[in-house]
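Single-letter residue listing:
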2 protein chains.
Amino acid sequence: MNRQRVRLIDVAEAAGVSRATASRVLSGSPRHVDPVLAERVWAVARRIGYRPHVSARALRTGQTGTIGIVVPTLTNPYFVALAEAFAGESRDRGADLLIADSRNDVESEAAHLRRLTDGRVDAIAIVPVSYEDSGAALVEARDAVPLAQVDRRTRDGNTAAIVLDNITGVRLLIEHLREAGRERIAYVGAETASSSGAERLAAFTDIAGEHAPVTVVSEFSTSAGREAARHLLDSTTDIDAIVCGADVLAVGVHSTLQRSGVSLPGDIALVSFDDSELLELTDPPITSLSPPVGEIARRTTELLMGEGDAWREPSVERLVPGLAIRESTQPHR
Amino acid sequence: MNRQRVRLIDVAEAAGVSRATASRVLSGSPRHVDPVLAERVWAVARRIGYRPHVSARALRTGQTGTIGIVVPTLTNPYFVALAEAFAGESRDRGADLLIADSRNDVESEAAHLRRLTDGRVDAIAIVPVSYEDSGAALVEARDAVPLAQVDRRTRDGNTAAIVLDNITGVRLLIEHLREAGRERIAYVGAETASSSGAERLAAFTDIAGEHAPVTVVSEFSTSAGREAARHLLDSTTDIDAIVCGADVLAVGVHSTLQRSGVSLPGDIALVSFDDSELLELTDPPITSLSPPVGEIARRTTELLMGEGDAWREPSVERLVPGLAIRESTQPHR
DNA sequence: GTGAAAGCGCTAACAC
DNA sequence: GTGTTAGCGCTTTCAC
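Residues numbered from 1 in each chain as written. Chains lettered and ligands numbered in written order. Predicted model: local features only at pLDDT ≥ 70, side-chain atom pairs only at ≥ 80, totals over all residues. Heavy atoms only, no water.

Notes on the sheet that holds strand E12 (residues 322-324) of chain A
Residues and elements named next belong to chain A.
Alright, step 1. Across the sheet, six strands lie side by side as E7-E6-E8-E9-E10-E12; this open sheet has mixed pairing. Bordering the open sheet on either side are strand E7 (214-217) and E12, each of which pairs with just one other strand. Across the sheet, the mean angle from the axis of one strand to that of its neighbour is 20°, orientation sign disregarded.
Alright, step 2. By the bridge criterion, three bridges tie strand E10 (residues 287-290) to E12 in an arrangement that is antiparallel. Bridged to leucine 289 within E12 is leucine 323.
Alright, step 3. Sheet strands in contact with helix H10 (residues 222-234) are strand E6 (185-190), E7 and strand E8 (241-244), and its direction is about 150° off that of E7. (Pairing = 2+ DSSP bridges. Helix = DSSP H or I, 4+ residues; strand = E, 2+ residues; numbered from the N terminus. Axes fitted to C-alpha atoms, helices over the stretch in contact; angles between N-to-C directions. Contact = heavy atoms within 4.5 Å.)

Now the structure itself:
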């Protein structure tokens, strides 16, 4: 048998007060209640195991105490790290986090946004799947609930966005490579459907020079990374370093280089972007930018849950990443 | 401005019917409504963008249309795969999935269970963190809502459990290794805090023989795998194959072997358990059992959402895994 | 400082 | 087949 729920009225009766008072003690404004009564209510509530019914509370207050995060895929450890950072941040604010996985699919992303805005969450942080195609669903959602874009942006999402400072990031990587004696640097990125992909590519061309070789593959995946590396090796270009636009690509590139007998970091140095755990698994481990996920989560949550409508203003806040140096960029000796 | 929610009454008025009729059309029992009216209601609802308020509906019906899954960590790609399988299954049944991450922490797991049972979900599937210590929270939760254990069990969780058939699994792995000419097989597993860990270890000793070397590390992590491999190499035991109790361990073992100049699969063959994407990233890719995540999700959801109280009966259903053969077990030539 | 009572948006008896 | 109405559990005026 399912045990019957303990309701507020059960607490109130057992404590000899009205529902109103019990409610004030347990949630509303405890300071407007006689401390003696308050303690009695608490004691009873604890004893009989009262826990408020979230739907009832949400229906009454219009607040769910939950924030939602929508990521392109949980298959990418970087987004898992991001989600966990948001989980920590929510917890600190006494809120819950609801994680949704778009499976890299705009339709599925739109469906999630619709469901989340059906009174399920107070605010939404979203890493949009597509720069071009995610916008419509975002706009609809942001009319229902505070919403901010994270890590990537859409063309017409029209909300605040908290992203990586990709230009500084690329500069950090290239400077690091040059200090390690690398001069002929190539770039491997996925198609520019995401804003971060496009920014990284543009920054690379800008800083490394127009003639630096660039390989763009069609998706963020390890096999795409493998392909890209094969392509680079086949082309005659003589390179001594590769910058990868995402960790999953880097791991693929690494794998192909290894198999082709290219020595890392002897022949080619390798760097990547997201600093997920994947990069420590390879041999040698891969140097990477380390995105400030904690700070991203903090700033975004602040924006969404704080006073005011700052999230409503289309804007871009760029957070500067650190650099996690590993063996894949040991200097030439 | 947040657009005002469209409520049922707005639809009803615009369609010239009562809330009851509108409700019947949009959710309850459409067949008891005049088809002409019904179509009118639908048309209006679509036009003005009606979407039911989940809290209000949940409060009234006692049903949330959401099922919850609690996993030890999303850092382990196997649990991500499991969660995605449940997401698919829920979607097929018109339900939502709420993913919670225990961060390998019993306290945090208990907190999640408490929150989920505060009227947030209709049923819970959980991969418990600890065989010994997760039970209490499970029991409390299963008094509030249908709950089933998945992939791992607790000592006193007292619900149905859908797990891998670890004995058959270990047998498959060892047979495969023996067919590939391996005879001196070692095992690397994490501490037996989880039921699956314990079962795998026991099955290994049973099948490979009492004297087969076993290394037990303290946690499921890549660095623990590295340690274990170092330990195996240091000990004088002469082995030609290693069975790992989890993918993250296997990747760590692989990394240490590589660095120590051990040839795979030449000197040592390597196999693992969860068949997550990690295993395809290594060089050589690692052979693994492939757990039937889809089937696990299907059976569990069936049990939870179906008629009856089958989930309430302490029971264990063991599903047989497949075998994904990769280069790490190429036969001796 | 405390209680009575209204009502959040929805569905399900119950009447017609 | 359709409408009227009560009420899910909670918070919050409003009156005292």
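Digging into helix H11 (residues 247-259) of chain B
All names here are of chain B.
Alright, step 1. Here H11 spans 18 Å end to end across 13 residues, near enough to the 18 Å set by a 1.5 Å rise per residue.
Alright, step 2. Of all 13 residues making up H11, 11 are buried, and the element is well covered by its neighbours.
Alright, step 3. Buried residues of H11: Asp247, Val248, Leu249, Ala250, Val251, Gly252, Val253, His254, Ser255, Thr256 and Leu257, and no others.
Alright, step 4. Glycine 261 occupies a position one or two residues after H11 and carries a positive phi of about 75°. (Expected span 1.5 Å × (residues − 1). Buried < 20%, exposed > 50% of the residue type's maximum accessible area, 1.4 Å probe, protein only.)

Comments concerning the UniProt feature "domain: HTH lacI-type" (unreviewed entry) in chain A
Alright, step 1. When the UniProt feature table is mapped onto this chain, "domain: HTH lacI-type" (unreviewed entry) is found at residues 6-61 of chain A.
Alright, step 2. As annotated, residues 6-61 of chain A comprises 68% helix and 0% strand, and the C-alpha atoms at either end are separated by 20 Å. (UniProt positions renumbered as here; feature names shortened; annotations may be inferred.)

A closer look at the sheet that holds strand E6 (residues 185-190) of chain B
Residues and elements named next belong to chain B.
Alright, step 1. Across the sheet, which stays open at both edges, the six strands sit in the order E7-E6-E8-E9-E10-E12 with mixed pairing between neighbours. Every other strand in the sheet has two partners, leaving strand E7 (214-217) and strand E12 (322-324) as the edge strands with one partner each. When strand polarity is set aside, the average angle formed by the axes of neighbouring strands in this sheet is 20°.
Alright, step 2. The sheet contact formed by strand E8 (residues 241-244) and strand E9 (residues 269-272) spans three bridges and is parallel. Residue valine 243 lies in a different strand from E9, and its bridge partner there is valine 271.
Alright, step 3. Set on the sheet, helix H9 (residues 195-208) makes contact with E6, E7 and E8; between it and E6 the angle comes to about 165°.
Alright, step 4. Packed onto the sheet, helix H10 (residues 222-234) meets E6, E7 and E8 and runs at close to 150° relative to E7.

Some remarks on the protein's contact with DNA strand D
Alright, step 1. Lining the immediate surroundings of DNA strand D are 26 residues, of which Leu8, Arg19, Arg57 and Arg60 of chain A together with Asp34 of chain B lie closest.
Alright, step 2. Near the protein, meaning within 4 Å, the atoms of DNA strand D are sugar or phosphate in a fraction of 57%, with bases accounting for the rest.
Alright, step 3. In this structure, a phosphate oxygen belonging to DNA strand D sits 2.4 Å away from a main-chain N or O atom of leucine 8 of chain A.
Alright, step 4. At 2.8 Å from a base nitrogen of DNA strand D is found a side-chain nitrogen or oxygen belonging to arginine 24 of chain B.
Alright, step 5. Elements with a minimum of two residues in the surface near DNA strand D: helix H2 (19-26) and helix H4 (54-61) of chain A together with helix H2 (19-26) and helix H4 (54-61) of chain B.
Alright, step 6. Class assignment for the residues of the surface near DNA strand D results in 10 nonpolar, seven polar and nine charged. (Near = heavy atom within 4 Å. Polar contact = N/O pair within 3.5 Å; in protein donor to acceptor, adjacent residues only side chain to side chain. Nonpolar A, V, L, I, M, F, W, Y, C, P; charged D, E, K, R; others polar.)

Digging into unusual backbone geometry
Alright, step 1. Between leucine 264 of chain A and proline 265 of chain A the backbone carries a cis peptide bond, its omega angle lying at -5°.
Alright, step 2. In this structure, proline 284 of chain A follows aspartate 283 of chain A across a cis peptide bond, with omega equal to 0°.
Alright, step 3. Within the element layout of this structure, proline 284 of chain A appears in the loop between helix H12 (278-281) and E10.
Alright, step 4. At aspartate 275 of chain A, a residue that is not glycine, the phi angle is positive and equals roughly 55°.
Alright, step 5. With respect to the element layout, aspartate 275 of chain A can be found in the loop between strand E9 (269-272) and H12.
Alright, step 6. You can call aspartate 275 of chain A partly exposed: its relative accessible area is 23%.
Alright, step 7. One non-glycine residue, asparagine 104 of chain B, lies in the positive phi region at around 50°.
Alright, step 8. Along the chain, the position of asparagine 104 of chain B falls in the loop between strand E2 (96-101) and helix H6 (106-116).

With respect to the side chain of glutamate 89 of chain B
All names here are of chain B.
Alright, step 1. With respect to the helices, strands and loops of the structure, glutamate 89 is situated in helix H5 (residues 77-92).
Alright, step 2. No salt bridge forms around the buried glutamate 89; measuring N to O, its nearest opposite-charge neighbour arginine 93 is 4.2 Å away.
Alright, step 3. For glutamate 89, the residues in contact, after removing those within four places along its chain, are Ala297, Arg298 and Thr301. (Lys, Arg positive; Asp, Glu negative; His and termini not counted. Salt bridge = Lys/Arg side-chain N within 4 Å of Asp/Glu carboxyl O.)

With respect to the interface of chain B and chain A
Alright, step 1. Tallying the contact residues gives 50 residues for chain B and 50 residues for chain A.
Alright, step 2. For the chain B and chain A pair, buried surface summed over both sides reaches about 4300 Å², with 43% attributable to carbon and sulfur atoms.
Alright, step 3. One can count 10 salt bridges joining chain B with chain A.
Alright, step 4. Arginine 259 of chain A serves as the salt-bridge partner of glutamate 327 of chain B, at 3.3 Å between the closest nitrogen and oxygen.
Alright, step 5. At the surface where chain B touches chain A, the tally comes to 22 residue pairs in polar contact (both at pLDDT 80 or more).
Alright, step 6. Among the elements that take part in the side of chain B that touches chain A, H4 of chain B stands out by supplying five residues, more than any other.
Alright, step 7. Looking at side-chain class alone, the side of chain B that touches chain A contains 17 nonpolar, 11 polar and 22 charged residues. (Buried area = accessible area lost by both parts, 1.4 Å probe.)

Looking at the packing of H2 of chain B against helix H3 (residues 35-48) of chain B
When two helices pack together, their arrangement is given by the angle between their axes and by how far apart the axes lie.
Residue and element names in this part refer to chain B.
Alright, step 1. Running from N to C, H2 and H3 cross one another at 85°; their axes reach a closest spacing of 9 Å. By the criterion of interaxial angle, the relationship of H2 to H3 is roughly perpendicular. Contact residues: H2 offers Thr21, Ala22, Val25 and Leu26, while H3 offers Leu37, Ala38, Val41, Trp42 and Ala45. (Parallel < 35°, antiparallel > 145°, perpendicular 65-115°, else oblique.)

Quick look at the protein's contact with DNA strand C
Alright, step 1. Within the structure, DNA strand C sits among 26 residues, and Thr21 and Asp34 of chain A together with Leu8, Arg19 and Arg60 of chain B are positioned closest to it.
Alright, step 2. When the atoms of DNA strand C within 4 Å of the protein are sorted by group, sugar and phosphate make up 59%.
Alright, step 3. At 3.3 Å from a phosphate oxygen of DNA strand C is found a main-chain nitrogen or oxygen belonging to histidine 53 of chain B.
Alright, step 4. Interatomic distance of 2.3 Å between a side-chain N/O atom of arginine 60 of chain B and a base oxygen of DNA strand C.
Alright, step 5. Breaking the surface near DNA strand C down by element, the ones donating at least two residues are H2 and H4 of chain A together with H2 and H4 of chain B.
Alright, step 6. Per-class residue counts for the surface near DNA strand C are 10 nonpolar, seven polar and nine charged.

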